[in-house]
Amino acid sequence: MTHTITNQYTAHSGGDSSPDKVNILLVDDQPGKLIAHEAILAELGQNVVKATNGREALECLLRNDFAVILLDVQMPEMDGFETAQLIRQRPRFEKTPIIFITAYNTSDIDKLKGYSLGAVDYIFLPVIPEVLKAKVTVFVELARQTQLIKRQAEHLAFHYQEQARKLELIQKLNAELQEANQQLEAFSYSVSHDLRGPLRSLKGFAEILLEDYAPQLDDTAQSYLNKLISSAARMEQLTRDLLEYSRIVREDMKLERVSLDHLLGEVFSMNTVLQSSGVEVEVDRHLLPVMAQPTLLSQCLSNLLSNAVKFVRSDLKPKVNIRTEPHHDRVRIWIEDNGIGIDPAHHKKVFGIFERVGNVKAHEGTGIGLAIVARAVQRMGGQYGVESALGEGSRFWIELPAAPEEVTA
Amino acid sequence: MSAPAEELQILLVEDSPDDVFFFKRALQKCGCAASLRVAEDGAKAVQFLQSNAGAVPQLMFLDLKMPNVNGFEVLEWLGQQPFRSAIRVIVLTSSEEPRERQLARALGAVGFITKPVSSEQLREYILSVSAPAETLPPHSTIIRR
């Protein structure tokens with residue numbers, strides 16, 4: 001008779017297992033007490049499942065997880081302690097909290113004290129509703145917290161799995177990229193060495209031919225040789241510039257504090273275009289330090305300075321002015337020249353690859369120099385630009401993060 | 001070596017016959033008295049220096065990419081020799097890779113020439129053996145305000 005009631009409840013609780021509700025198992029052989037306790041616990045808003053004896057209780061436990069089991073001690077056939085022992089034998093219920101409901105008598109209390117398996121509490125009969133609710137609430141909260149943590153753990157595990165999968169993918173792509181980079185590097189090297197060697201011979205022998213055998217060659221032959229030499233020179237310059245452009249990608253991008261005074265000294269001593277131009281360079285005494293990749297920045301400055309002396313009217317002595325100014329948390333480096341200037345309509349274009357504007361024929365260049373500057377500055381997280389008008393000289397600038405104050409020990 | 005003691009001795013380490021030809025021509029044109037020995041790769045250079053340890057050349061022009069023993073390996077080996085400081089090493093490069101320059105500099109090279117070498121460059125380096133060269137550009141002025 002009571003069996004059917006129990007089944008109804010379990011079936012019901014099974015169907016209505018809302019994720020926020022937890023299950024409470026009530027075990028008592030007296031239907032009256034079951035209903036009374038259920039009524040008290042109903043206020044907690046959880047699923048209450050009822051069983052009228054130990055065996056039924058076990059059946060319920062097999063079907064559902066329970067936040068707490070309320071176990072009547074005095075039951076016929078199998079009493080509460082025996083039932084608890086059976087429950088505890090199963091690893092799954094080892095830690096399910098049990099509250100014994102017992103009459104106030106010494107022998108029961110002694111037994112309870114000796115009972116040491118897992119979370120256990122007891123309530124004396126007659127049950128005081130507030131006490132029952134308070135004690136059950138503790139375990140309901142515990143179960144809910146556990147559930148929450150479990151769900152979060154599952155969630156996290158899923159995330160970790162997802163992240164591990166993504167990481168694996170990134171690592172795979174990185175390895176592929178690295179290999180592609182290495183191939184590019186090998187390619188660049190072979191371009192630089194194996195392609196330039198023959199080109200050097202070509203140009204060298206043409207020059208020697210012109211130097212040593214000029215008297216035996218007529219003007220047309222000499223002009224052909226000159227064309228050959230200038231084409232070879234142009235191709236040499238192209239391979240050099242293309243290499244520089246590709247090097248920007250291969251360079252490690254580790255920004256460090258760079259003193260411009262020191263760097264400019266290096267640039268002046270390395271740049272042959274600058275050296276042979278007879279340029280007058282004016283460097284501001286107080287140059288602000290920047291955060292940059294030294295090799296890339298020196299390449300940028302070298303290219304900007306080469307341009308500054310290259311695009312100057314032939315009857316003028318090239319003059320360059322270098323200064324810095326703070327720009328919020330950045331430093332703007334200005335390189336100003338007395339050159340032919342650039343039409344504002346072309347200011348964007350000059351930073352593109354293979355773009356040359358104005359009177360190209362009169363000024364050497366491959367059109368890669370400023371593209372290198374643009375790409376290198378971008379890679380260092382900076383900005384670049386130019387202020388200029390035709391016939392007014394150019395004021396190129398690059399902006400890089402300011403270097404923090406140097407710590408003096 | 002059979003050259004007179006006061007004549008500058010130069011060792012060129014270069015595997016490309018064309019580049020050796022251009023070097024010899026530049027040396028002829030630069031107007032400096034010097035005797036030249038050529039080693040066709042790094043291994044031959046090491047061999048030559050070992051057998052002439054008592055009278056090593058004052059100047060060595062060293063190609064980097066060579067078969068057998070490359071230029072970097074020659075520099076590394078040279079760094080461990082007692083006559084290391086008697087030789088000024090100028091690296092001849094084709095590639096202009098900054099990384100290569102840094103490495104060569106760290107290994108003791110004092111100069112860099114992008115091939116082909118000009119007679120002016122050669123003269124400058126030859127003169128620098130008697131009087132160390134200035135690093136500032138010769139024809140340009142840098143004013144500090």
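Residues numbered from 1 in each chain as written. Chains lettered and ligands numbered in written order. Predicted model: local features only at pLDDT ≥ 70, side-chain atom pairs only at ≥ 80, totals over all residues. Heavy atoms only, no water.

A.B. asks: For this particular structure, what's the right way to read the packing of helix α2 (residues 42-51) of chain B against helix α3 (residues 71-78) of chain B?
C.D. replies: Think of two packed helices as two axes; the pair is described by the angle between the axes and how far apart they sit. Residues and elements named next belong to chain B. Two elements in contact, α2 and α3, have axes separated by 9 Å at closest approach and are oriented at 25°. Looking at the two axes, α2 sits roughly parallel to α3. Crossing of α2 over α3 shows right-handed handedness. In this structure, α2 contributes G42, V46, L49 and Q50 to the contact, and α3 contributes V74, W77 and L78. (Axes fitted to C-alpha atoms, helices over the stretch in contact; angles between N-to-C directions. Helix = DSSP H or I, 4+ residues; strand = E, 2+ residues; numbered from the N terminus. Parallel < 35°, antiparallel > 145°, perpendicular 65-115°, else oblique. Left-handed = near helix turned anticlockwise from the far one by under 90°. Contact = heavy atoms within 4.5 Å.)

A.B. asks: Please clarify how the sheet that holds strand β3 (residues 68-72) of chain A should be interpreted in this entry.
C.D. replies: Strands in a sheet are paired, the pairing made by backbone hydrogen bonds, and the direction either parallel or antiparallel. Residue and element names in this part refer to chain A. A sheet is described by the order of its strands in space; here five strands give the open sequence β2-β1-β3-β4-β5, paired in parallel fashion. Each edge of the sheet is formed by a strand with only one pairing partner; in this case those strands are β2 (47-51) and β5 (120-124). Strand-to-strand twist in this sheet, taken as the mean axis angle between neighbours without regard to direction, amounts to 20°. Pairing analysis gives five bridges linking strand β1 (residues 23-27) to β2, with the strands arranged parallel. For L25, the partnering residue across the bridge sits in β2 and is V49. (Pairing = 2+ DSSP bridges.)

A.B. asks: How should I be thinking about the state of the cysteines in this particular structure?
C.D. replies: Here, disulfide denotes a covalent bond that connects the sulfur atoms of two cysteines. In the structure shown here, the tally under the stated rule is zero disulfides over all chains. The thiol sulfur of C32 of chain B is not disulfide-bonded, and the nearest other cysteine sulfur, from C30 of chain B, lies at 3.7 Å. (Disulfide = S-S within 2.5 Å.)

A.B. asks: Please explain the pairing of strand β3 (residues 59-63) of chain B as it appears in this structure.
C.D. replies: All names here are of chain B. β3 sits mainly inside the fold: five of its five residues count as buried. Covered by surrounding structure in β3 are L59, F61 and D63 together with M60 and L62, the residues of both alternating faces. Note: strand β1 (residues 8-13) against β3, four bridges, orientation parallel. Counterpart to V13 in the pairing with β3 is L62. Bridge analysis of β3 against strand β4 (residues 88-93) gives five bridges, and the strand direction is parallel. (Buried < 20%, exposed > 50% of the residue type's maximum accessible area, 1.4 Å probe, protein only.)

A.B. asks: I'm lost on the nonpolar core in this one. Help?
C.D. replies: By size, the foremost hydrophobic cluster in this structure holds 44 residues, and its most contacted members are V290, L297, L301, L305, I322, I333 and I398 of chain A. If one sorts the elements of this core by residue count, helix α10 (residues 294-310) of chain A sits on top with eight residues. I333 of chain A has contacts with L260, V290, L297, L301, R323, T324, F396, W397, I398 and L400 of chain A, leaving out every residue within four places of it along the chain. V13, V46, L75 and W77 of chain B belong to the second largest nonpolar core, which has 24 residues in total. (Core = buried A, V, L, I, M, F, W, Y, C linked by side-chain atoms within 4.5 Å.)

A.B. asks: Which parts of the structure should I look at to understand unusual backbone geometry?
C.D. replies: Trans peptide bonds make up the majority, and among non-glycine residues the majority have a negative phi. The linkage connecting L125 of chain A with the following residue, P126 of chain A, adopts the cis geometry, with an omega of -5°. When you line up the elements, P126 of chain A lands in the loop between β5 and α6 (129-213). The omega torsion of the bond from K115 of chain B to P116 of chain B falls at 5°, within 30 degrees of zero and hence cis. Of note, P116 of chain B is situated in the loop between β5 (111-114) and α5 (119-130). Located in the positive-phi region is H328 of chain A, a residue other than glycine, with phi close to 55°. As for its placement among the helices and strands, H328 of chain A is situated in the loop between β9 (319-327) and β10 (330-337).

A.B. asks: Can you help me understand the packing of aromatic side chains in this one?
C.D. replies: Any aromatic ring pair is given by two values, namely how distant the centres are and how the planes are angled relative to each other. Under the defined criterion, the tally for this structure stands at ten aromatic pairs over all chains. Feature note: the residues F205 of chain A together with F21 and F22 of chain B constitute an aromatic cluster, connected by ring pairs. Taking the ring centre of Y122 of chain A as reference, the NZ or CZ of K135 of chain A above it sits at 5.9 Å. The side chain of R332 of chain A reaches across the aromatic face of W397 of chain A, ending 3.6 Å from its centre. (Phe/Tyr/Trp six-rings, centres within 6.5 Å; stacked < 30°, edge-to-face > 60°. Lys NZ or Arg CZ within 6 Å of the ring centre and 35° of its normal.)

A.B. asks: Where do I start with α10 of chain A in this structure?
C.D. replies: Structurally, the α-helix is built with 3.6 residues per turn, so residues lying three or four positions apart point the same way. Residue and element names in this part refer to chain A. Here α10 spans 24 Å end to end across 17 residues, near enough to the 24 Å set by a 1.5 Å rise per residue. Burial within α10 is extensive, with 15 of its 17 residues counted as buried. Near the N-terminus of α10, the side chain that reaches the backbone nitrogen of T295, with its oxygen 2.8 Å away, is that of Q293. (Expected span 1.5 Å × (residues − 1). Polar contact = N/O pair within 3.5 Å; in protein donor to acceptor, adjacent residues only side chain to side chain.)

A.B. asks: What should I look at first to understand the sheet that holds β1 of chain B in this one?
C.D. replies: All names here are of chain B. With parallel pairing, five strands are arranged side by side in an open sheet as β2-β1-β3-β4-β5. Of all strands in the sheet, those bounded by a partner on one side alone are β2 (34-39) and β5. Pairwise comparison of adjacent strand axes, ignoring direction, gives a mean angle of 20° for this sheet.

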